[in-house]
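Breakdown of the fold
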Amino acid sequence: GTWVGSRLPELAGGTAALLVALGVAIRAGGAARLLRAAAGRLPVARDVLLLGDRAQALRICAALLGGGATLTEALSVARDATSGRTGERLSAVLADVSTGQRPSTAFSRSALVGPTAVQLLTAAERTGGLPECLERLAQQDEQRLGRSLERMTTVYGPIVLLAIALVVGGVVVSLYWPLLQLFESVR
């Protein structure tokens, strides 16, 4: 309490500056990118973000192809809706498809999907079932995403609870410490 009281102007100024910076970042849309970049550095969170982006992109492509859009239109919309590595890989797929390559080859070259998915895409090209195949791949990614989220919760859940307990404990100690000192001085 004494330490906080002696540094109250500095702490108040720093807190105000932090809140202003956070407000500016939120309005500029940078806070979401910063949080996403920070989460992308954590191993399990990186997998969750990649699976979520890829599932979203594949579902968008499937819906647009099912609605009558061309593959290049669908890939362009999916690329614009995603960010990071998935967006870059979709750009590569779009560039390859625009030059006349088969979708399965383009997806394989960009490393957007694995070898099993490439085989499914190759079969879907022959049968004309590309929208259904992309929808199926999106469903598989969403199932993997669910398992990754469970794993992430298992790994990071206790750490978050410990951090919250430390913060709450710090608040309680900082509130009661001056009272205990006051009671000691009265005795």
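Our structure is the block above this text.
Residues numbered from 1 in each chain as written. Predicted model: local features only at pLDDT ≥ 70, side-chain atom pairs only at ≥ 80, totals over all residues. Heavy atoms only, no water.

**Details of the overall build of the protein chain**
Along its length, the protein chain carries 9 helices and 0 strands. In the protein chain, the order of α-helices and β-strands from amino to carboxyl end is α-α-α-α-α-α-α-α-α. Here the protein chain, with 187 residues, has 26% of them falling under the buried criterion. Long-range contacts, defined as pairs at least 24 residues apart, comprise 49% of the intrachain contacts of the protein chain with a sequence gap of at least 6. (Helix = DSSP H or I, 4+ residues; strand = E, 2+ residues; numbered from the N terminus. Buried < 20%, exposed > 50% of the residue type's maximum accessible area, 1.4 Å probe, protein only. Contact = heavy atoms within 4.5 Å.)

**With respect to helix α7 (residues 103–110)**
Restricting attention to buried positions, one finds in α7 the residues Pro-103, Ser-104, Ala-106, Phe-107 and Ser-110. All buried residues of α7 project into a common sector of 165° when viewed along the axis, lining one side. Ala-111 lies just past α7 and shows a positive phi near 60°. (Arc of directions from axis to C-beta.)

**A look at unusual backbone geometry**
Negative phi is the rule for most residues except glycine; trans is the rule for most peptide bonds. Although it is not a glycine, Ala-111 adopts a positive phi angle of roughly 60°. Accessibility expressed as a relative area gives 42% for Ala-111, which makes it partly exposed.

**Brief notes about the side chain of Asp-96**
Relative to the elements of secondary structure, Asp-96 occurs in helix α6 (residues 84–98). Owing to a relative accessible area of 13%, Asp-96 belongs among the buried residues under this scheme. Look past the residues within four positions of Asp-96 in its chain and what remains in contact with it is Gln-101, Ala-106 and Arg-109.

**Concerning α6**
Its 15 residues place the ends of α6 21 Å apart at the C-alpha level, agreeing with the 21 Å of an ideal helix rising 1.5 Å per residue. For α6, the complete set of buried residues consists of Thr-86, Gly-87, Leu-90, Val-93, Leu-94, Asp-96 and Val-97. (Expected span 1.5 Å × (residues − 1).)

**Focus on the nonpolar core**
Grouped together as the largest cluster of nonpolar side chains are 26 residues, with contacts concentrated most on Leu-75, Val-93, Phe-107, Leu-121, Leu-130 and Leu-134. Elements that contribute at least two residues to this core include exactly α4 (43–66), α5 (71–81), α6, α7, α8 (115–127) and α9 (130–186). With residues up to four places along the chain from it excluded, the contact list for Leu-121 reads Ser-104, Phe-107, Val-113, Leu-130, Cys-133, Leu-134 and Leu-137. (Core = buried A, V, L, I, M, F, W, Y, C linked by side-chain atoms within 4.5 Å.)

**Some points on the packing of α5 against α6**
The interhelical angle for the contact between α5 and α6, taken along N-to-C directions, is 165°, at an axis separation of 9 Å. Taken together, the axis directions place α5 and α6 in an arrangement best described as roughly antiparallel. Of the two possible hands of crossing, α5 and α6 adopt the one that is left-handed. Here Leu-71, Thr-72, Leu-75, Ser-76, Ala-78 and Arg-79 of α5 lie close against α6, whose contacting residues are Gly-87, Leu-90, Ser-91, Val-93, Leu-94, Val-97 and Ser-98. Looking at the contact of α5 with α6, its residues break down into 7 nonpolar, 5 polar and 1 charged. (Axes fitted to C-alpha atoms, helices over the stretch in contact; angles between N-to-C directions. Parallel < 35°, antiparallel > 145°, perpendicular 65-115°, else oblique. Left-handed = near helix turned anticlockwise from the far one by under 90°. Nonpolar A, V, L, I, M, F, W, Y, C, P; charged D, E, K, R; others polar.)

**So, the pattern of salt bridges**
Opposite charge on two side chains permits pairing when their charged atoms draw close. What the rule picks out here adds up to 7 salt bridges. We note a salt bridge from Asp-141 to Arg-54, for which the minimum N-O separation is 2.7 Å. A residue pair is termed long-range when its members are at least 10 positions apart, and Asp-141 in helix α9 and Arg-54 in helix α4 qualify at 87 residues. For Asp-141, a relative accessible area of 2% translates into the label buried. In this structure, a network of salt bridges that share partners links the residues Arg-54, Asp-141 and Arg-144. (Salt bridge = Lys/Arg side-chain N within 4 Å of Asp/Glu carboxyl O.)

**Observations concerning the side chain of Thr-86**
As for its position among the elements, Thr-86 is in helix α6. If we skip the residues at most four places from it in the chain, Thr-86 touches Leu-50, Asp-53, Arg-54, Ala-57 and Leu-112.

**Here's the deal with the environment of Leu-50**
Tracing the sequence through the fold places Leu-50 in helix α4. Among the residues examined, Leu-50 registers a relative accessible area of 24% and is labelled partly exposed. Among all residues touching Leu-50, those that are not within four sequence positions of it are Arg-85 and Thr-86.

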